[in-house]
Amino acid sequence: MEKTIFKNSVKGKRGIKFSKSGVQDKDLSALLPENCLRKDDLNLPELTELDVIRYFINLSRKNFSVDNNFYPLGSCTMKYNPKINEQTANLTGFAEVHPEQPEEYSQGSLELMHELQKALGEITGMKKVALSPAAGAHGEFAGMLIVKKYFEINGEKRTKIIVPDSAHGTNPASAKMCGFDTIQVKSNSRGQVDIDELKKLMNKDIAAIMMTNPNTLGLFEENILEISEMAKENGALLYYDGANLNAIMGITSPGLMGFDIVHVNLHKTFSTPHGGGGPGAGPIGVSERLIDYLPAPVVEFDGEKYYFNDNIKNSIGKVKPFYGNFGIFVRAYTYILMMGSDGLIKVSEDAVLNANYLKEKLKNHYKLPFEQTCMHEFVFSGDIQKKQGVNTSGIAKRLMDFDIHPPTVYFPLIVSESMMIEPTETESKQTLDNFIGIMKQIAKEIEENPEQVLKSPLSASVSRVDEVTAARNPVLKYSL
Ligand SMILES: *Cc1c(COP(=O)(O)O)cnc(C)c1O
């Protein structure tokens, strides 16, 4: 493992050397009150500039990213982030705009936000979009606040949200954080929401149904219109988890399916970088009846100028300082313009084609729990390999030896030993064929010599951890 930068410290090394200022030294205690003075020396590593650069560059080389290699992490949509997105985001007018700059001096930036709101509205089939939520889960949270406020204002007491058992964990979490109880609806043997089960759960306590379509098994919900009718008849709202729109863009939309609220992940479908803790964006769109509930601000155009509208009648309020992560909006807008409407349709078609290609080529080697045509991703079970001595975690670790990021594992929870594979449309046939070859080889290795496979990863910077010792004697503190 790489040493911490503190371990590289050598007393007396310096990154920069200041020339004498000529100003007379003064003791800090003459300038600051006693309680603000440091008792001990500040513990900082002493290094040259070159030491620091080498340290961080070498650390960064241990990172795995979509710019290095194939990254089929299901549901996370690790598609290529086109570099032109960075170029536009770095244009001086966008990169140096200040959040407090008056509207009259930021018309171009406001126009971009307005155009992005419109584009996302068209793609999702929603009447109006607010850009400010900073992530998918944050969009869900804002959406659930809207559901809550809608029923409050309409004088109805509804306390429950229905969530399918295949849903992303953020769905029930967001509902819960807004004070709702969640009820799980089961999937049937075809990986679809069980309509009969759903009927039984429907009553006047239900505020909304949260659906993901395609669901997290990568399957399109065949009964989506029936589900949406059922919710409407019951007076419930329909929430659409649109984190992964890359299977349906330009082909269908949450709006066409009758939904009221959608969040989209710009860092998935719209090719902006996945944060690594950095900025993201999870804009939400709503149908006609919820326009007045959107989080503020929404960018409007009065025929002459663009402006932030903070006075939305029943708004849930602000969910983010200022208006969200602007640099991310520039990247997503660039992507949408670069693709154009035909391009976005092609994205969906290719995402679905790539996933089905992998599924068909590998289904004789890994257990495929659901046979039907998949959308942008699919789920295998590692049950066969587990019986032979290597579970899904072992397969994931072996893949790392081939410089391939493991797929999402052990999610969704309803498939045992699950591996959720999403190639995305940005990968070529050569890359997919390489992955197919490696997955077949791993299946064969497990059949022939599972003990050997269990030694992986052999090439990663962190090798296989001793899981038993880690569980028994967890070291929860790392000292510098
Ligand atoms: C990624 C994802 C989310 C959460 O999005 P974040 O931006 O990570 O908060 C929600 N639902 C689904 C289906 C997702 O794939």
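What counts as what
- Residues numbered from 1 in each chain as written.
- Predicted model: local features only at pLDDT ≥ 70, side-chain atom pairs only at ≥ 80, totals over all residues.
- Heavy atoms only, no water.
- Axes fitted to C-alpha atoms, helices over the stretch in contact; angles between N-to-C directions.
- Helix = DSSP H or I, 4+ residues; strand = E, 2+ residues; numbered from the N terminus.
- Parallel < 35°, antiparallel > 145°, perpendicular 65-115°, else oblique.
- Left-handed = near helix turned anticlockwise from the far one by under 90°.
- Contact = heavy atoms within 4.5 Å.
- Nonpolar A, V, L, I, M, F, W, Y, C, P; charged D, E, K, R; others polar.
- Domains from an automatic or database assignment.
- Pairing = 2+ DSSP bridges.
- Phe/Tyr/Trp six-rings, centres within 6.5 Å; stacked < 30°, edge-to-face > 60°.
- Buried < 20%, exposed > 50% of the residue type's maximum accessible area, 1.4 Å probe, protein only.
- Near = heavy atom within 4 Å.
- Polar contact = N/O pair within 3.5 Å; in protein donor to acceptor, adjacent residues only side chain to side chain.

Q: I'd like to hear about the packing of helix α5 (residues 136-153) against helix α6 (residues 170-177), residue by residue, with values.
A: Each pair of packed helices can be described by the angle between their axes along with the distance between the axes. Remark: α5 packs on α6, axes separated minimally by 9 Å, with the N-to-C direction vectors making an angle of 40 degrees. Between α5 and α6, the angle is such that the two are oblique. Relative to α6, α5 is oriented so that their crossing is right-handed. Across the interface between the two elements, A137, E140, F141 and M144 from α5 touch T170, N171, S174, A175 and M177 from α6. Among the residues forming the contact of α5 with α6, the class breakdown is 5 nonpolar, 3 polar and 1 charged.

Q: Explain the domain arrangement of the protein chain to me, and be specific about the residues and the numbers.
A: Segmenting the protein chain into domains produces domain 1 (1-62), domain 2 (83-338) and domain 3 (342-470). The distance between the C-alpha centroids of domain 1 and domain 2 comes to 45 Å.

Q: Can you lay out the sheet that holds strand β1 (residues 128-130) for me, pointing to particular residues and giving the numbers?
A: The strand order across the open sheet formed by 7 strands is β1-β7-β6-β5-β4-β2-β3, and the pairing between neighbours is mixed. Every interior strand has two partners, whereas the edge strands, β1 and β3 (181-185), have only one. Pairwise comparison of adjacent strand axes, ignoring direction, gives a mean angle of 25 degrees for this sheet. Pairing analysis gives 3 bridges linking strand β6 (residues 261-264) to strand β7 (residues 284-286), with the strands arranged antiparallel.

Q: Describe the packing of aromatic side chains, listing the residues and the values that go with them.
A: Applying the stated criterion across every chain yields a total of 13 aromatic pairs. Members of the aromatic cluster, each reached through a chain of ring pairs, are Y150, F151 and Y293.

Q: I'd love a proper account of helix α11 (residues 392-400), names of residues and values included.
A: Burial within α11 is extensive, with 8 of its 9 residues counted as buried. The inward-facing, buried residues of α11 abut α10 (383-387), β11 (408-409), β12 (418-421), α12 (429-448), α13 (450-453) and α14 (467-472).

Q: So what's going on with the sheet that holds strand β10 (residues 378-381)? Which residues, and what values?
A: In space, the 3 strands of this open sheet follow the order β10-β12-β11, with antiparallel pairing throughout. Bordering the open sheet on either side are β10 and β11, each of which pairs with just one other strand. Of the pairings in the sheet, the one linking β11 to β12 comprises 2 bridges and is antiparallel in character. Paired with V409 across the two strands is M419, which belongs to β12. On the sheet, helix α9 (residues 326-362) packs against β10 and β12 and is oriented at approximately 20 degrees with respect to β10.

Q: Can you lay out the site of the ligand for me, pointing to particular residues and giving the numbers?
A: By nearness alone, 13 residues border the ligand, and S75, G136, D241, H267 and K268 come closest of all. In this structure, N244 approaches the ligand through a side-chain N or O atom, which is 3.4 Å from an oxygen atom. The separation between an oxygen atom of the ligand and a polar side-chain atom of N265 is 3.0 Å. Of the residues forming the shell around the ligand, the biggest block, 3 residues, is contributed by α5. Here the residues of the shell around the ligand are counted per class, giving 3 nonpolar, 7 polar and 3 charged.

Q: Before we move on, can you summarise the pairing of β10 with the specific residues and values?
A: Both faces of β10 are covered, namely the face carrying F378 and F380 and the face carrying V379 and S381. Two elements, β10 and β12, share 4 bridges in a ladder whose sense is antiparallel. By the bridge assignment, F378 is partnered in β12 with I421.

Q: Just give me the short version of the side chain of E417, but keep the residues and values in it.
A: Within the fold, E417 resides in the loop between β11 and β12. At a separation of 3.4 Å, a polar atom in the side chain of E417 contacts the side chain of K386. For E417, the residues in contact, after removing those within four places along its chain, are F380, S381, G382, D383, K386, N391, T392 and Y410.

Q: Report on the environment of E229, specifying residues and quantitative values.
A: As for its position among the elements, E229 is in helix α8 (residues 224-233). You can call E229 partly exposed: its relative accessible area is 45%. Taking the C-alpha atoms as reference, E229 lies 10.0 Å from F259; in sequence the two are 30 residues apart.

Q: Go over unusual backbone geometry, please, and point to the residues and values.
A: In this chain, N213 is followed by P214 through a cis amide linkage whose omega measures 0 degrees. Its place among the elements puts P214 in the loop between β4 (206-212) and α8. Cis peptide bonds are those with omega within 30 degrees of zero, and the linkage from A296 to P297 qualifies with -5 degrees. Position of P297 among the secondary structure elements: in the loop between β7 and β8 (298-301). Positioned with a positive phi, Y410 is a non-glycine residue whose angle comes to about 60 degrees. Here Y410 is to be found in the loop between β11 and β12. Its identity as a non-glycine residue notwithstanding, T424 has a phi of 70 degrees, on the positive side. Position of T424 relative to the elements: it lies in the loop between β12 and α12. Look at T424 and you get buried, because its relative accessible area is 0%.

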